[in-house]
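If you want the building blocks of each chain, they are given just below.
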Amino acid sequence: MCRLFGQHAHPGLGVCEPLCSAENALRFQSHKHPHGWGIGWYVDGAPHVRRGILPAHADESFVSAGREVRSAVVIAHVREASVGPVLRENTHPFLFDRWLFAHNGTVARYREVPAVRTAIEAEIDPDLRREIQGDTDSERVFYLFVSRLRATGETRAADLSRVRRALADTTATVLRIADAEPSPKPTSLNLVVSDGRLLAACRHGRTLHVTSSAAPRHVFAVASEPIGAGPWQELPEGGFVGTEDGARIERGALRG
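Note that the structure is a prediction, hence the values are computed from the model and not measured.

Conventions adopted
Residues numbered from 1 in each chain as written. Predicted model: local features only at pLDDT ≥ 70, side-chain atom pairs only at ≥ 80, totals over all residues. Heavy atoms only, no water. Salt bridge = Lys/Arg side-chain N within 4 Å of Asp/Glu carboxyl O. Helix = DSSP H or I, 4+ residues; strand = E, 2+ residues; numbered from the N terminus. Pairing = 2+ DSSP bridges. Axes fitted to C-alpha atoms, helices over the stretch in contact; angles between N-to-C directions. Contact = heavy atoms within 4.5 Å. Phe/Tyr/Trp six-rings, centres within 6.5 Å; stacked < 30°, edge-to-face > 60°. Buried < 20%, exposed > 50% of the residue type's maximum accessible area, 1.4 Å probe, protein only.

Peer 1: Even after reading the chapter, I still don't get the pattern of salt bridges, so can you show me in this structure?
Peer 2: It is possible for side chains of opposite charge to pair when their charged atoms get near one another. Enumeration over the complete set of coordinates arrives at 17 salt bridges. A salt bridge links Glu121 to Arg140, with the shortest nitrogen-to-oxygen separation between them at 2.7 Å. Of this pair, Glu121 sits in helix 4 (residues 114-122) while Arg140 sits in helix 6 (residues 137-150), and the two are 19 residues apart along the sequence. Salt-bridge contacts for Arg148 lead to Glu123; the nearest nitrogen and oxygen are separated by 2.7 Å. Of the two residues, Arg148 is situated in helix 6 and Glu123 in the loop between helix 4 and helix 5 (126-129); the sequence distance between them amounts to 25 residues.

This is the structure in structure tokens:
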């Protein structure tokens, strides 16, 4: 269990309000999700990530990062450690090449059944398996996504349709492996990804909310829980939402 936030907006808007000061800001949500935090953003197209292992509500570095970040795309996350200890390498968002990724949820039977972890890792491209640094199910889901995106073509030229297909294939693969047998807690996979140009998210098993506003300063955001005034709309279960410019929004079923 974690909480995530993603925003594609006019760079002048910043993210301090939704991260730190708005009603139900991500920092407030960290009271129930206290096992570290991360913020990812882009500078001249290059991704940057800042992480901490203290609760966001007790760490001034979280506030400092929220004030400093100026980026069209930002992904932020506060963690409740369901899989893996409280370490920086287990803290979202994860990063590979230009891609940032955060996950809210848990892969069923991952901790209890080693074969689930082994089977998921077997679906990841061999060179990407060597990039895995931590213990979490989430990081493995990320590299599975990158593997599936690679299968559609060059990752640096991916558009929303390819990202959507890769997210759908990733979700289907994890469910096929992890939910092959009954579990008291079925797999939940709310995922948000970006390469600094586009921002996309999908929902499976946890709540996910969306808000958007047009000119003069566009903003598109997704969040586990509504933050601030909104207005927020709940993304339907099995849904996908994304944008390549923060203004034109694509929505629909993940497997459309």
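Peer 1: What is the right way to look at unusual backbone geometry in this model?
Peer 2: The bulk of non-glycine residues show a negative phi, and the bulk of peptide bonds are trans. Between His92 and Pro93 the backbone carries a cis peptide bond, its omega angle lying at -5 degrees. Summarising the element assignment, Pro93 is placed in the loop between strand 4 (73-79) and strand 5 (94-96). With an omega of 10 degrees, the peptide bond running from Gly230 to Pro231 counts as cis. In this structure, Asn24 takes a positive phi of about 60 degrees despite not being glycine. Mapped onto the fold, Asn24 is located in the loop between helix 1 (16-21) and helix 2 (26-29). With phi around 55 degrees, Asp97 is a residue other than glycine that occupies positive phi space. Among the secondary structure elements, Asp97 is positioned in the loop between strand 5 and strand 6 (99-104).

Peer 1: What should I look at first to understand the sheet that holds strand 13 (residues 249-253) in this one?
Peer 2: Adjacent strands of a sheet form backbone hydrogen bonds with each other and so pair up, either parallel or antiparallel. Pairing in this open sheet of 6 strands is antiparallel, and the strands run 5-6-7-8-12-13 from one edge to the other. Looking at which strands have only one partner, the edges of the open sheet turn out to be strand 5 and strand 13. Adjacent strand axes in the sheet meet at a mean angle of 15 degrees, parallel and antiparallel pairs treated alike. Packed onto the sheet, helix 6 meets strand 5, strand 6 and strand 7 (190-194) and runs at close to 30 degrees relative to strand 5. Contacts from helix 7 (residues 160-178) reach strand 6, strand 7, strand 8 (199-202), strand 12 (239-243) and strand 13, with the element oriented near 30 degrees to strand 8.

Peer 1: Please explain the packing of aromatic side chains as it appears in this structure.
Peer 2: Given two aromatic rings, one states the distance between the centres and the angle between the planes to describe the pair. Inspection of every chain in the model, using the stated rule, returns 5 aromatic pairs. Geometrically, the ring pair formed by Phe142 and Tyr143 is tilted, given 5.0 Å between the ring centres and 45 degrees between the ring planes. The class of Tyr143 is buried, set by a relative accessible area of 3%. Ring pairs connect the aromatic residues Phe96, Phe101, Phe142 and Tyr143, which therefore count as one cluster.

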